[in-house]
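Here's the letter readout for the chains.
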Amino acid sequence: MNKDKLILRTRFIERASHWVMVLCFLAVALSGLSWFFPSLNGLNAVFGTPQLARILHPFFGVVVFLLLAFLFVRFVKYNLPEREDLAWFRNVRQVLAGEHEPALQIGKYNAGQKILFWGIMGLISVLLVSGVVIWRPYFAPWFSIPSIRIGLLVHAIAGICLILLIIGHAYLAFWVKGSIRGMVTGYVSRSWAKTHHDRWYRQISNKQSGSGKQQ
Amino acid sequence: MSMQSQDIIKRSATNVLTPAPRARDHQAEVAKLIDVSICIGCKACQVACNEWNDLRDEVGHNVGVYDNPADLSAETWTLMRFDEVEDESGKLEWLIRKDGCMHCADPGCLKACPQPGAIIQYANGIVDFQSDHCIGCGYCIAGCPFDVPRISKKDNKAYKCTLCVDRVSVGQEPACVKTCPTGAINFGSKQDMLHQASERVTELQGRGFAGAGIYDPQGVGGTHVVYVLQHADKPHLYHKLPTDPRISSAIHGWKGWLKPVAAVAFFATLAGTLFHYVGVGPNEVEEADEKHEEDTHA
């Protein structure tokens, strides 16, 4: 891999956090689904036994939250809403059709990715709070039974929404070729960057021609 | 559960397409009738329960009332609740209610339980926890409208009154019924118990207890533990016995409409991605661009 022709998009610590989180999230999501859809109860085998799954699910969930909190700190500055995001919304049809014209002044993340970012961060926070309320044997005894009932309902809804968002996220990464390599190796090709994130590409190029340093 | 009863009419977290063994379901529904107006609060039923079920709760502390221990626990499945109530004329009444699982016809614990077969309901109406399947999530506690199940700190599993299912299945009455020295607790078919209860209610009403009545709340489909109350119009007097117990709407939503809605959302999302991919095709960067970029930056 000739890194001179590539652009570093995601640093090692971010990639490592992302993929550890993916593994934890898979286990937490599958065990969660095993309780939400009882006919899929076998999915809790991801943690060995139903009893172990019940014990480990919340701890792994907290790991997912902590890793997401770290990634939030790393990525939030690229995910703030900007005026240029409006162009993406206006052309969302072309974006979904896979058309690369016209250039949409897209920064490091496009508007859809930003929505995903805030959706994931919001939902994991809701899952953390509602999860603490229903977490036995440690925290649930501190809460009233009516609040635990609300916690169970909210936790289920937020969990379903998050899994749906993640399915969308994983699909879009699979659809836009080169994205997964960006999260695995950290590098994307110059043409990938220019095509999908034209404004970010220009910023990187300007910085490189100025200082010769990659970001 | 080594002995197979094959009369399980409801099984937690089990699809209706795959019911539990239920070929032998022609049994009569049973009920335990607790006549609060006869109870003297001797706690013999509590002791009998502990004896028969081999339960030895920790010796507690006097908390200023007769309730001892202070609450139901994983090792106290039935408990006398003592309430001192003053009526309008200032007369003191000592209301004593034997608390424990009501064995609802529509059990909230069973509805909430996520583990297949951890809670079952027999054809005779008894709701039983199968502790070896329990995962300790405590959803049964949230599902119960009567605040009955308790999780053990020893093994992280939920426990409650079994209505002495082991005794009933061999033709005996529950231990508390057998022990009660005043005849305040009776056991038999639900029909017989309701008949006996209505006769007692008539008698109480004739003696001036105008509000006397049967507590067999229909919001949970009726219960297999039935009370005769001197003040059935005010059940909350009896240690906050709920007036109209129902499975919470949050539990109904979570175990009801949310499941099909979520299933549709999953299928729609997966179908959407599938059709998008085979319809639009992979989103690839133009070969020419790639070549051009490599040329200019080489």
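An unreviewed UniProt entry lists chain B under the name Formate dehydrogenase iron-sulfur subunit, with Pseudomonas putida given as the organism. Turning to chain B, the UniProt annotation filed under Subcellular location (unreviewed entry) states: "Cell membrane". Annotation of chain B in UniProt includes, under Function (unreviewed entry), the sentence "The beta chain is an electron transfer unit containing 4 cysteine clusters involved in the formation of iron-sulfur centers."

As annotated in an unreviewed UniProt entry, chain A carries the name Formate dehydrogenase subunit gamma and comes from Pseudomonas qingdaonensis. What the UniProt record of chain A gives under Subcellular location (unreviewed entry) is the line "Cell membrane".

### Things to note about the interface of chain A and chain B
Contacts between the two partners involve 44 residues from chain A and, on the opposite side, 50 residues from chain B. Taken together, the links from chain A to chain B amount to 0 salt bridges. When residues of the side of chain A that touches chain B are traced back to their parent elements, those giving at least two are α1 (12–36), α2 (50–75), α6 (145–175) and α8 (190–196) of chain A. The greatest single-element share of the side of chain A that touches chain B, amounting to 15 residues, is contributed by α6(A). Here the residues of the side of chain A that touches chain B sort into 27 nonpolar, 10 polar and 7 charged.

### What about unusual backbone geometry?
A:Pro102 follows A:Glu101 through a cis peptide bond whose omega is -5°. When you line up the elements, A:Pro102 lands in the loop between α4 (92–96) and α5 (111–133). In this structure, A:Pro137 follows A:Arg136 across a cis peptide bond, with omega equal to 0°. Here A:Pro137 shows up in the loop between α5 and α6. Positive phi values are uncommon outside glycine, yet A:Gln105 reaches one of about 55°. On the secondary structure map, A:Gln105 appears in the loop between α4 and α5. The exposure class of A:Gln105 is partly exposed, given its relative accessible area of 34%. Its identity as a non-glycine residue notwithstanding, B:Asn156 has a phi of 60°, on the positive side. Tracing the backbone shows B:Asn156 in the loop between β7 (150–151) and β8 (158–159).

### Details of the UniProt feature "binding site: [4Fe-4S] cluster 1" (unreviewed entry) in chain B
Residues and elements named next belong to chain B. The feature "binding site: [4Fe-4S] cluster 1" (unreviewed entry), as given by UniProt, occupies Cys-39, Cys-42, Cys-45 and Cys-180 in the numbering adopted here. In three dimensions, the annotated residues from a span of 142 residues occupy one location, with a maximal C-alpha spread of 10.5 Å. Looking at where Cys-45 falls in the secondary structure, it is placed in helix α1 (residues 44–53). With residues near it in sequence (within four places) discarded, Cys-45 still touches Thr-78, Met-80, Lys-98, Cys-176 and Ile-185. Examined against the element boundaries, Cys-180 turns out to sit in the loop between α5 (175–179) and β9 (185–189).

### A look at the UniProt feature "domain: Cytochrome b561 bacterial/Ni-hydrogenase" (unreviewed entry) in chain A
As annotated in UniProt, the feature "domain: Cytochrome b561 bacterial/Ni-hydrogenase" (unreviewed entry) corresponds to residues 11–186 of chain A in the numbering used here. A helix fraction of 69% and a strand fraction of 0% characterise residues 11–186 of chain A, whose end C-alpha atoms lie 6 Å from each other.

### With respect to the nonpolar core
Judged by nonpolar contacts, the single largest core of 48 residues is most densely connected at A:Phe36, A:Leu152 and B:Trp254. Within the residue set of this core, elements represented by two or more residues are α1, α2, α5 and α6 of chain A together with α3 (139–143), α7 (249–255) and α8 (258–280) of chain B. The dominant element in this core, judged by the number of residues it contributes, is α6(A), at 9 residues. Those residues within four positions of B:Trp254 in sequence are excluded, and the remaining contacts are A:Phe36, A:Leu152, A:Leu153, A:Ala156, B:Ala112, B:Tyr139 and B:Lys259. Judged by nonpolar contacts, the second largest core, of 44 residues, contains B:Cys45, B:Ala74, B:Cys101 and B:Leu241.

### A few points about the UniProt feature "transmembrane region" (unreviewed entry) in chain A
Under the UniProt annotation, the feature "transmembrane region" (unreviewed entry) is placed at residues 20–37, 57–76, 115–138 and 150–174 of chain A. Taken end to end, residues 20–37 of chain A has its terminal C-alpha atoms 26 Å apart, with 94% of it in helix and 0% in strand.

### Some words on the packing of aromatic side chains
Residues and elements named next belong to chain A. This model, assessed by the stated rule, comprises 22 aromatic pairs over all chains. Aromatic pair Phe-36 and Phe-37: ring centres 4.8 Å apart, planes at 80°, arrangement edge-to-face. For the pair shown, Phe-36 and Phe-37 are each scored as buried. For the ring pair Phe-117 and Trp-118, a centre distance of 5.3 Å and an interplane angle of 85° mean the geometry is edge-to-face. Classification of Trp-118 by relative accessible area gives partly exposed; the value is 37%. Three or more aromatic residues link up through ring pairs in this structure, and these residues are Phe-59, Trp-135, Tyr-138 and Phe-139. Cation over ring: Lys-108 sits above Tyr-78, and NZ or CZ is 4.3 Å from the ring centre.

Rules used throughout
- Residues numbered from 1 in each chain as written.
- Chains lettered and ligands numbered in written order.
- Predicted model: local features only at pLDDT ≥ 70, side-chain atom pairs only at ≥ 80, totals over all residues.
- Heavy atoms only, no water.
- UniProt positions renumbered as here; feature names shortened; annotations may be inferred.
- Contact = heavy atoms within 4.5 Å.
- Salt bridge = Lys/Arg side-chain N within 4 Å of Asp/Glu carboxyl O.
- Helix = DSSP H or I, 4+ residues; strand = E, 2+ residues; numbered from the N terminus.
- Nonpolar A, V, L, I, M, F, W, Y, C, P; charged D, E, K, R; others polar.
- Buried < 20%, exposed > 50% of the residue type's maximum accessible area, 1.4 Å probe, protein only.
- Core = buried A, V, L, I, M, F, W, Y, C linked by side-chain atoms within 4.5 Å.
- Phe/Tyr/Trp six-rings, centres within 6.5 Å; stacked < 30°, edge-to-face > 60°.
- Lys NZ or Arg CZ within 6 Å of the ring centre and 35° of its normal.

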